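Now for the letters of each chain:
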Amino acid sequence: PATNQCDDYRQSNTAKLGGVDHGSPAIVGPSRYVTGPPWDTRPVVAYVGSRDGMLHAIYVSGGGNSWTADGMTLGNRQAGEELWAFIPPGQICGAGGSGGLFSNDAKVDASVNVIDVFGDFPHDQNNDGVIDWTPNFDPNVDERPTGIKTWRTVLLGAVGEGGSELFALDVTNPLKPILLWHVSGHTERDDRWDADGNGSFADAGDHLNPNDPKTYALKWIDSAGPSGLSAQNGVTVVSPSSPAPPNSQAGRFDYRNLYRTFGTAVGKLWEGNAFRYVAYVATNTADFMDPDTPLGYKGIEVFAIDLVTGQKIWQWQRRYARATSEAVVVADNAIPGRPALADVDVDGSVDRIYAGDIEGHVWELEAHRGGNMNYLESADSLPAPNQKFYSFPLFGTPRMTATGAPADSLDLVTLADGTLAQQPLTSPTGMGRFTQVPSTPASLATHIPYHLSILQGTMGVDWDVANFESGNLFVMPTYWELPSRRGYWYTTGPQAGLTVGTDPDPRAFGVLKSEAVWTVPLQLGERIFGMPRVVNNQIVFTTAKGPFTGDISESFLDVGNLYIVKPSATTTESIGTKSFGGVLVFQDKLVMSTATGIKAKAEPADMQGGGPSQRPFNRSTPVIFKTWEPPIGTQRAQ
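Cut-offs used in this document
- Residues numbered from 1 in each chain as written.
- Predicted model: local features only at pLDDT ≥ 70, side-chain atom pairs only at ≥ 80, totals over all residues.
- Heavy atoms only, no water.
- Salt bridge = Lys/Arg side-chain N within 4 Å of Asp/Glu carboxyl O.
- Buried < 20%, exposed > 50% of the residue type's maximum accessible area, 1.4 Å probe, protein only.
- Core = buried A, V, L, I, M, F, W, Y, C linked by side-chain atoms within 4.5 Å.
- Contact = heavy atoms within 4.5 Å.
- Pairing = 2+ DSSP bridges.
- Helix = DSSP H or I, 4+ residues; strand = E, 2+ residues; numbered from the N terminus.
- Axes fitted to C-alpha atoms, helices over the stretch in contact; angles between N-to-C directions.
- 1 Å grid on protein atoms, 1.4 Å probe; cavity = no way out; pocket = protein on both sides within 12 Å on 5 of 7 lines; lining within 4 Å.
- Points joined across faces, edges and corners; volume = space filled by probe spheres on them.
- Nonpolar A, V, L, I, M, F, W, Y, C, P; charged D, E, K, R; others polar.
- Patch = residues over 30% accessible without salt bridge, like charges linked within 9 Å, V, L, I, M, F, W, Y side chains within 5 Å.
- Areas by Shrake-Rupley, 256 points an atom, 1.4 Å probe, with all protein chains shown as cover.
- Phe/Tyr/Trp six-rings, centres within 6.5 Å; stacked < 30°, edge-to-face > 60°.
- Lys NZ or Arg CZ within 6 Å of the ring centre and 35° of its normal.

Participant: How would you summarise the pattern of salt bridges if you had to cite specific residues and measurements?
Facilitator: Within the structure shown, the criterion is met by 21 salt bridges. Between lysine 214 and aspartate 212 there is a salt bridge, with the nearest N and O atoms lying 2.6 Å from each other. Across the pair arginine 507 and aspartate 505 runs a salt bridge, and its minimum N-O distance is 3.4 Å. For arginine 507, a relative accessible area of 26% gives the class partly exposed. Shared partners join several salt bridges into a network, and the residues in it are Asp21, Arg51, Asp109 and Glu161.

Participant: Please set out the nonpolar core residue by residue, giving values where relevant.
Facilitator: Residues Tyr280, Val302, Trp314, Trp316, Ile353 and Met400 are the most contacted members of the largest nonpolar core, which totals 37 residues. Not counting residues up to four positions away in its chain, the partners in contact with valine 302 are Val281, Ala282, Trp314, Gln315, Trp316, Ala355 and Leu365.

Participant: Any chance you could break down the sheet that holds strand E25 (residues 430-433) for me, citing the residues and the numbers?
Facilitator: Strand order in the open sheet formed by four strands is E25-E26-E27-E28, and the pairing between neighbours is antiparallel. Only two strands of the sheet have a single neighbouring strand rather than two, namely E25 and strand E28 (518-524). The sheet shows a mean angle of 20° between the axes of neighbouring strands, taken without regard to direction. In this structure, strand E27 (residues 470-477) lies alongside E28, joined through five bridges in antiparallel fashion.

Participant: Tell me what's going on with unusual backbone geometry, and back it up with residues and numbers.
Facilitator: Along the chain, proline 37 connects to proline 38 via a cis peptide bond; the corresponding omega equals 0°. Of note, the amide linkage connecting threonine 440 to proline 441 takes the cis form, showing an omega dihedral of -5°. Along the chain, proline 441 turns up in the loop between E25 and helix H3 (444-447). Even without glycine at this site, tyrosine 450 takes up a positive phi of about 70°. Relative to the assigned elements, tyrosine 450 resides in the loop between H3 and strand E26 (452-457). On the basis of relative accessible area, tyrosine 450 is assigned to the exposed category, the value being 63%. Unlike most non-glycine residues, asparagine 537 shows phi in positive territory, near 65°. For asparagine 537, a relative accessible area of 5% puts it in the buried group.

Participant: Outline the layout of surface pockets, listing residues and values.
Facilitator: Counted as a void, the second largest pocket has a volume near 1,100 Å³. In terms of lining residues, the second largest pocket is bounded by 32 residues, among which Trp133, Phe253, Val308, Thr309 and Gln311 are the most central. Secondary structure elements with two or more residues in the lining of the second largest pocket: strand E7 (113-119), strand E10 (178-184) and strand E16 (274-284). By residue number, the principal contributor to the lining of the second largest pocket is E10, which donates five residues. When grouped by side-chain class, the residues that make up the lining of the second largest pocket number 15 nonpolar, eight polar and nine charged.

Participant: Mind laying out a nonpolar patch on the surface, listing which residues take part and the relevant values?
Facilitator: Taken together, the side chains of Ile87, Ile92 and Leu101 define a hydrophobic patch exposed on the protein surface, amounting to about 230 Å² of accessible area. Take leucine 101: it is sitting in the loop between helix H1 (90-93) and E7.

Participant: Account for the packing of aromatic side chains, naming residues and giving values.
Facilitator: Going through the model one piece at a time under the given rule, you end up with 15 aromatic pairs. Residues tyrosine 255 and phenylalanine 303 carry aromatic rings whose centres are separated by 5.8 Å and whose planes lie at 40° to one another, so their mutual orientation is tilted. You can see tyrosine 255 sitting in the loop between strand E14 (247-251) and strand E15 (264-271) and its partner phenylalanine 303 sitting in strand E17 (residues 299-306), a full 48 residues away along the chain. In this pair, the class of tyrosine 255 matches that of phenylalanine 303, namely buried. Here a set of aromatic residues connected by ring pairs shows up, and it is made of Tyr33, Phe118, Trp151 and Tyr277. The side chain of lysine 268 reaches across the aromatic face of phenylalanine 275, ending 4.2 Å from its centre. Its guanidinium or amino end placed over the ring of tyrosine 255, lysine 312 lies 5.9 Å from that ring's centre, counting from NZ or CZ.

Structure representation (structure tokens):
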């Protein structure tokens, strides 16, 4: 339509693509697992979500004009031409807290994750692009999984600020996407289970069975209350050193607390005699019709989801508790950063999940069954069976100082005891290994080198007080051994080695000792939004000053910096405007997305080289599992 034919005269019809704000694209070409003709020559395609409510597939290269698969032919395509777009169901009519297409509020505003998966997939036998789960669709076709595993290329997407939607597409054939599953928090709130496997949930027995573990997922409710935990039934051991907090049973498709996320992480779990591919996602919380999470509930949710079926494996949730004297919770319900996955024993299977929250806590969760790894007995524990256990974070950020902030801004972060709340953790969680660290404090040399470390930044929130706070980047070791962790736990009375009232309370500041953490301070008002990366013992990240709300062109004068942190020194360089994405280390370039465009600069010479500690780790969108960590002895990843 012409501009004068639009319902709203302020609209413009010149845009061809919605804004790509919080998401990074996945660039997917031929696979090393989905092999043989025609897959060995399939075209390279970029998948990216945007704030027009669509996931876009854009042709990049390869394939040739005659490439054909499943009756679909590539044709005469030009680089940059769109192949197709997918609108998640909830974006059509405003599901999960979004206005939807009808009000121009639809969004697919999160990073896309694409990975090759070996699993028991459904098969589109009649080539109509739709999975027929029951004979009602076609009495001659049964496209349900057969029990025979195959390799497929799976795209995992989320809608970010568009609401509480996650979806998985089979993009093995980039010309013919097939929707594998879709979940939306506000609608997925029951205990359904397809007991007889007929593709329907309508039978009488198609519900959670407390005596049949395959019909339910574990739901962990971590609490900051006086007991340390919420009252639930049952106790399960998650590690030899600590029992798990109580858990309850929930439906495999019960996603009522699922809300918004900007990114997902995919890992492999070794179960029985095979790997299981699992999607991990951290979200803020929703309170759709859930009596256990009343209106106004603020907190973090972490879900483990079977990537092939969309079934929930476990769920962990933590209600925020830091409050003002008027009992107003200080942390808002902002979207937490993307979690990191750690294979700490290097056996190819994910062991732990690391997620930061808006209260300033890093949580260390067990990957297979969920539950907090740091649910530990207190130093003032009583003899069995009356022991005291508390749920501890791995790490807690320092309290805010908000130097020069107006009083009304301080009111928003002042706790009931008069102190300020801890800095919120906001960036996606990066990961890497170091062979060198700063010489001071000296204890760093015994904690971080040669161990997998996680990196997360603070203050990427739109609170007014953030303009008067200096953010930080924290680098933390993941391994369990002492002396990196405290040798005592919280106690309400005198205890050897602990000065009550002066030593930091591990319930707020974590069990990881402060001298085990490498801290990189930022400038006043500076925040981290993108993922920090590790390359050749150097940390690379960008920052922003000013908010990320409304029209960002109104705050172009807010600047940002590129940080390159070495064990011996930190260098900063202004990038002229603020940056909300991470730094991509590509060939010999550092590529940065900013509020005004894409910038690239030459990679420093001392950042280049060979060895596993010298490469970028934990890319958000790996085509093949662990492509971010090439085997020792291979050439530098391009």
